[in-house]
Amino acid sequence: MNSRERVRLILSHQEADRPAIDLGATRQTGTSAWTYRALKAALGLPTERVRAFDLYQMLAEVEPAVQDAVGADFVMLPIDSVGLGLYYGEWKPWTFWDGQTFEVPAGFDPRIAPDGALETHQVEDGPINMRMPVGGRYFDKIPGERQDTFDIPHWAEAEWTFPEPFSDGYLRREEAKAKRVYESTERALVASPPCKAPNGYADTYQWAMKMATEPEHCLEYMMRLGEAEAARWAQYMEAVGDYVEVVNISASDYGTQHREMFRPALWQRFYVPSWRLVTDVIHRTPHVKTWIHCCGSVPNIIPFFIEAGVDILNPVQWTAEGMDLRTLKAQYGDRLSFWGGAISTQRTFPFGTAEQVAAEAREVLDIMAPGGGFVVNPIHNILAEVPVEN
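This report concerns the structure included in the present document. Given the structure is predicted, the values throughout are model-derived calculations rather than measurements.

1. Notes on the sheet that holds strand β11 (residues 188-191)
So, step 1. Spatially, the eight strands line up as an open sheet ordered β1-β16-β15-β14-β13-β12-β11-β4, and their pairing is parallel. Bordering the open sheet on either side are β1 (20-21) and β4 (74-76), each of which pairs with just one other strand.
So, step 2. Sheet topology note: the β11/strand β12 (residues 244-250) ladder contains three bridges and is parallel. Each residue of the ladder has a partner; that of L189, found in β12, is V244.
So, step 3. Across the sheet, helix α7 (residues 264-282) lies against β12 and β13 (289-293), angled at about 170° from β12, the strand it touches most.

Here it is, written out as structure tokens:
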């Protein structure tokens, strides 16, 4: 059984010869470049070349030899825009504060502060607002002018703009890229295109207040945005649908460590109908599954994720309140696949022993693997602080 066959069974809630495994198929399921180099060394692989393709999070591009060694069943369809206003394609060496050199996007040209920190912009041609201090392992946003949470922006309907259809040139490039990767591997392709499921136009808390106080305005906006994104998804699926198995439609968080960020009923009212515009289009290609990343405690939104057409939830943060794995598997395991949760990246992975890591992974597998619908991956990216033994 090859990876693609294994993945199709497991994401259809059937058991395969073994659980499916992911390392690096998305920007939420990867590993720090520092940890990745240590892993390559531990595997006996050459360590000179490590590509940090996502400098915001300092994520490594996982190579086929490492995918083979860990049994990875998924591969990322390379994305054009990789954060910090940078693009995938051309590379150059860059030596960081500890003397380690990684390949980075060729456009990376940070300002070096007097204290040695690297400073750059979050978006192309934007202000300098991102910083990696000496000793840092990723870029943090530099705090700007403090905003009043209750100063909620309002976009009049006449000011609304929505994403334009993709150009034919972009679609043909994506099609060729997907075909090339598909034909080079038996792993399942995961695509994270620039089209997404709808979201509000303010920050999460502001949008929540706006949904509660201006429901007609917000629903109209979400449905209009959903229509625009659904049209783009139709284009995208026509181009790559024959080659991909999973599409990433959202990386937005709706939970904190203790509860949902706003009333779940608001998610049902505003997100379910607008997201269905997108997921219904994607599901016209029957083998393709919809994937979302949503950290935190969201047990009361999970039923609405399913209603909205979500097939896969990542990262399954069972360390958050209300996210008990046995409960999630029993209540939703026949309708929702869980991608992640194999190890706590906040606790056990960085601070536990190798024996504790193995024990936790076995316990999670015993709960989540039966009946399919589970992909082995930690709770979010592997941090630089994780010992290579773990």
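Further notes follow.
2. Considering α7
So, step 1. The largest bend along α7 measures about 40° and falls at Y271, with the proline P273 one to four residues further on.
So, step 2. In this structure, the buried side of α7 is in contact with α5 (204-213), α6 (215-240), β12, β13 and α8 (302-307).

3. Remarks on the nonpolar core
Across soluble globular proteins, you tend to see nonpolar side chains buried next to one another.
So, step 1. Counting 103 residues, the largest nonpolar core has W267 and F305 as its most contacted members.
So, step 2. The element that contributes the greatest number of residues to this core is α6, accounting for eleven residues.
So, step 3. Setting aside chain neighbours within four positions, we find W267 in contact with Y254, F262, V272, W275, I301, F304, F305 and A308.

4. Some thoughts on the packing of aromatic side chains
For any pair of aromatic rings, the description consists of the separation of the ring centres together with the inter-plane angle of the planes.
So, step 1. Tallied over the full model, the rule gives 29 aromatic pairs.
So, step 2. The interplanar angle of 40° and the centroid separation of 5.6 Å between the aromatic rings of F162 and Y221 together place this pair among those described as tilted. Here the residue F162 occupies a position in the loop between β10 (140-141) and α4 (168-184), and Y221 occupies one in helix α6, the gap between them amounting to 59 residues. For the pair F162 and Y221, one class covers both residues: buried.
So, step 3. On the numbers, 4.9 Å between centres and 10° between planes, the contact of W267 with Y271 is stacked. Of this pair, W267 and Y271 both sit in helix α7, four residues apart, which is roughly one turn of that helix.
So, step 4. The class for W267 is buried, based on a relative accessible area of 0%.
So, step 5. Ring pairing ties together the aromatic residues W155, W160, F162, Y201, W207 and Y221, which thus form one cluster.
So, step 6. The ring of W34 carries R137 above its face, with NZ or CZ at 4.9 Å from the centroid.

Reading the values: rules and limits
- Residues numbered from 1 in each chain as written.
- Predicted model: local features only at pLDDT ≥ 70, side-chain atom pairs only at ≥ 80, totals over all residues.
- Heavy atoms only, no water.
- Pairing = 2+ DSSP bridges.
- Helix = DSSP H or I, 4+ residues; strand = E, 2+ residues; numbered from the N terminus.
- Contact = heavy atoms within 4.5 Å.
- Axes fitted to C-alpha atoms, helices over the stretch in contact; angles between N-to-C directions.
- Bend = angle between axes of the 7 residues up to and from the residue.
- Core = buried A, V, L, I, M, F, W, Y, C linked by side-chain atoms within 4.5 Å.
- Buried < 20%, exposed > 50% of the residue type's maximum accessible area, 1.4 Å probe, protein only.
- Phe/Tyr/Trp six-rings, centres within 6.5 Å; stacked < 30°, edge-to-face > 60°.
- Lys NZ or Arg CZ within 6 Å of the ring centre and 35° of its normal.

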